[in-house]
Amino acid sequence: MPTDVPTAPHVPLPASILSQGPNLIVSIHAALDDQQLERLQRDLLERVGRDRSRGILIDVAALDVLDSFAARTLADLAYMAQLRGARTVIVGIAPDVAMTLVRLGVRIPLTQTALDLEEGLEWLGT
Amino acid sequence: MASEALRGDQPYDERVVVELVPVLRRVVGARIKDPHTVEDLVQETLARLMSSSRRVDPDKLHHYAAVTARNVVATYAERNDRARNRSHLLADPVDVAPPPTEQLLLQEDREFVAAALGQLSAEDRDLLVAHEVHGQDTSTMAAEVGSTPGAVAARLSRARASLRVEYLLVVEAIDPPSDRCRPVLRALSSSDRRRQRELDVNGHLLECETCSQLADRLFERRGQPAEDGVVRVPVSRDADVVTARQQGREVAASAGFSTSAQTLIATAISEISRNIVKFAERGEVAISLVTEDGRRGVRVVARDVGPGIADPDVALRDGYSTYHGLGLGLPGAKRLMDRFHLSSVPGEGTTVTMEKWLR
């Protein structure tokens, strides 16, 4: 999985990263393709350092499909962020998406999850 | 008066054509009230029939005459309408001679057709010219070459299809990049399914950018989609994976699948189209609705031209991955769908066919 491929940074990702206190709140607005997911991963890792964040919350409620690649990219991101000293929580996995992930056979622990934004923020301890 | 003109110009089918007069009067009379106009239109129809009767099979002359009469009446009505609509105008622009630019375009078009004809085989060219330009009918032509009219008509149709391809190539100034291009395009143009299968047309269209673009133009020209009810998504970039799975969801939704089944289907499409992007660089995903044994379902066919898979059984095993993935792509998609089939020819490409049925 090459993470250093040159991508087009001028196209904005359909996702926003907000810095709120010690946490980064990531809200994804539309389906992301593989390259965009990898870009999000890179951008976030960089922001953790710049904003000295202690926690990341990723809201994936807008994603109607989480396939093996997306699951892996999110799990990797959580581990990478942990190595940089930030905890990650993923919120908003739709019931259909959860069912499909299990049927697909994704068995890697998908880091910490919470039902929604509120629960996620609580877990991060704001 | 009319019969004199007929006798003078074309003595061939005079009797046959004159026999048609009562039929024509009835056809025209059913649509037009004024008896003088009826007579005028009948005469006009006769004149048209005389000029084309040599090309028409005598047995079919009755039908041909009736259709011609209807056309003449339609033209007359159109002319009347136009005269009425434009009666307030001083000049009717339709009757103005074509402007010089148009003449130039016409001239250019003639050159294109001539160049395209030059690319056909001598036999095809002679056949087309004899029929379309000199107006020979298929039975005469068949007698000359010792064949049947049906066979000649089929050849003519193929020759026309080839001419369409050559015309397009000339107009677009395209030199086909490979030896396979011409046969493929001609098979497409003539809608010859058997020949298309023999040539593996779809495979070639995936490989050859030029042909895939020309194919679209050929269909556009004929005004019909490639196949009814099949959604095709070309897949070569990451973004195409998203398009393919969204299209898949839409087709599944239209078939009445629940949202959770739609998610399963979309996810399976996501997995297999990612394989195309990762390993083959170019391919397509075709999604269609199918009915089998009274069940309705969605069929997804993902084809690529790529290195192929040496050992499909290994590739279908959980955790087997050639890049740093989870190794869940193919086996995962298989678990999500009801039927899954993978066939691959090393060095040529891979086809995955999978289905999901409504319960």
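Since the model is a prediction, treat every value here as computed from it, not as a measurement. Just so you know, the residues in each chain are numbered from 1, in the order the chain's sequence is written. As a convention, the first chain written is A and the first ligand written is 1, with the rest following in written order. Since the coordinates come from a predicted model, pLDDT governs what is reported: local features require at least 70, and pairs of side-chain atoms require 80 or more to be given and counted, while whole-chain, interface and lining totals use all residues.

(A) Quick peek at the overall build of chain A. For chain A, the count of helices and strands is four helices and five strands. When the 126 residues of chain A are sorted by exposure, 41% land in the buried category. A run of DSSP states H or I qualifies as a helix once it reaches four residues; a run of E qualifies as a strand once it reaches two. Both are numbered from the N-terminal end. Any residue surrounded by 20 or more other C-beta atoms within 10 Å of its C-beta is treated as buried, while 12 or fewer makes it exposed and the intermediate range makes it partly exposed; C-beta atoms here are placed from the backbone.

(B) Examining the overall build of chain B more closely. Each helix and strand counted, chain B has 17 helices and five strands in total. Placing C-beta atoms from the backbone, we regard two residues as in contact once those atoms come within 7 Å. Here the contacts in chain B between residues at least 6 apart in sequence split such that 63% fall between residues at least 24 apart.

(C) Seen up close, helix α7 (residues 122-133) of chain B. Expected helix span is taken as 1.5 Å per residue step, with the number of steps being one fewer than the number of residues. Spanning 12 residues, α7 of chain B covers 15 Å between terminal C-alpha atoms, matching the ideal 16 Å at 1.5 Å per step. Two residues or fewer after α7 of chain B comes G135 of chain B, characterised by a positive phi angle close to 70 degrees.

(D) Just the packing of helix α3 (residues 95-104) of chain A against helix α15 (residues 259-280) of chain B, in detail. Where α3 of chain A contacts α15 of chain B, the two axes come as close as 9 Å, and the packing angle between them is 45 degrees. Taken together, α3 of chain A and α15 of chain B sit at an angle that is classed as oblique. Seen from above, α3 of chain A lies across α15 of chain B with right-handed handedness. In this structure, α3 of chain A uses D96, V97, M99, T100, R103 and L104 of chain A to contact α15 of chain B, whose residues at the interface are T259, S260, T263, L264 and T267 of chain B. Only the stretch in contact is used when fitting a helix axis, every axis being a line fitted to C-alpha atoms; angles between N-to-C directions are given from 0 to 180 degrees. Roughly parallel covers angles under 35 degrees, roughly antiparallel covers those over 145, roughly perpendicular covers 65 to 115, and oblique covers all other angles. Should the near helix be turned anticlockwise from the far one by less than a right angle, the crossing is termed left-handed; should it be turned clockwise, right-handed.

(E) Broad picture of the interface of chain B and chain A. Counting residues at the interface gives 25 residues for chain B and 19 residues for chain A. Looking at the side of chain B that touches chain A, the elements with two or more residues in it are α14 (238-254), α15 and α17 (329-336) of chain B. With nine residues, the top contributor of residues to the side of chain B that touches chain A is α15 of chain B. Taken together, the residues that form the side of chain B that touches chain A break down as 10 nonpolar, nine polar and six charged. Under this grouping Gly is polar, as are all residues other than the nonpolar Ala, Val, Leu, Ile, Met, Phe, Trp, Tyr, Cys and Pro and the charged Asp, Glu, Lys and Arg.

(F) How the structure looks around the environment of L18 of chain A. Tracing the chain through its elements places L18 of chain A in strand β1 (residues 15-20). With 38 residues separating them in the primary sequence, L18 of chain A and I56 of chain A have C-alpha atoms 9.9 Å apart.

(G) Structural view of the sheet that holds strand β5 (residues 112-114) of chain A. Residues and elements named next belong to chain A. Spatially, the five strands line up as an open sheet ordered β1-β2-β3-β4-β5, and their pairing is mixed. If you trace the sheet from one side to the other, it starts and ends with β1 and β5, each paired once. Taken pair by pair, the neighbouring strands of this sheet meet at an average axis angle of 20 degrees, ignoring direction. When DSSP locates at least two bridges between a pair of strands, those strands are taken to pair. In this sheet, strand β2 (residues 23-28) lies alongside β1 in antiparallel orientation, the contact comprising six bridges. What sits directly across from S16, in β2, is S27. The strands touched by helix α2 (residues 68-83) are β3 (55-59) and β4 (87-91); relative to β4, the strand with the most contacts, the crossing angle is about 155 degrees. Set on the sheet, helix α4 (residues 117-124) makes contact with β2, β3, β4 and β5; between it and β4 the angle comes to about 165 degrees.

(H) The sheet that holds strand β5 (residues 349-357) of chain B, seen in detail. Residue and element names in this part refer to chain B. Spatially, five strands are ordered β1-β2-β3-β5-β4 in an open sheet, and the strand pairing comes out antiparallel. For this open sheet the edge positions go to β1 (230-235) and β4 (339-345), each flanked by a neighbour on one side alone. Here the strands of the sheet are splayed against their neighbours by 15 degrees on average, with no regard to which way each runs.

(I) Geometry of the pairing of β4 of chain A. Residues and elements named next belong to chain A. Judged by how many residues are buried, β4 sits mostly within the fold: four of five residues are covered. Pairing of β3 with β4, which is carried by five bridges, proceeds in the parallel orientation. Looking at β4, one finds that G55 is bridged to R87. Note on handedness: a crossover is taken as right-handed if, strands pointing away from the viewer, the path from the first strand over the helix to the second is clockwise. In this fold, the crossover linking β3 to β4 by way of α2 has right-handed handedness. Both β4 and β5 contribute to a ladder of three bridges, which runs parallel. What sits directly across from I90, in β5, is T113.

(J) Fine view of the confidence of the model for chain B. All names here are of chain B. Looking at chain B as a whole, the pLDDT averages 81, with 87% of positions reaching at least 70. When the criterion is pLDDT under 50, residues 1-11 qualifies, and its contacts beyond four places in sequence or with other chains add up to eight contacts. The predictor's confidence in any single residue is recorded as pLDDT, a number from 0 to 100. Between residues 221-226, whose pLDDT stays under 50, and residues either more than four places distant or in other chains, the model counts four contacts. Interface confidence in the predicted complex, given as ipTM, is 0.88; pTM for the same model is 0.57.

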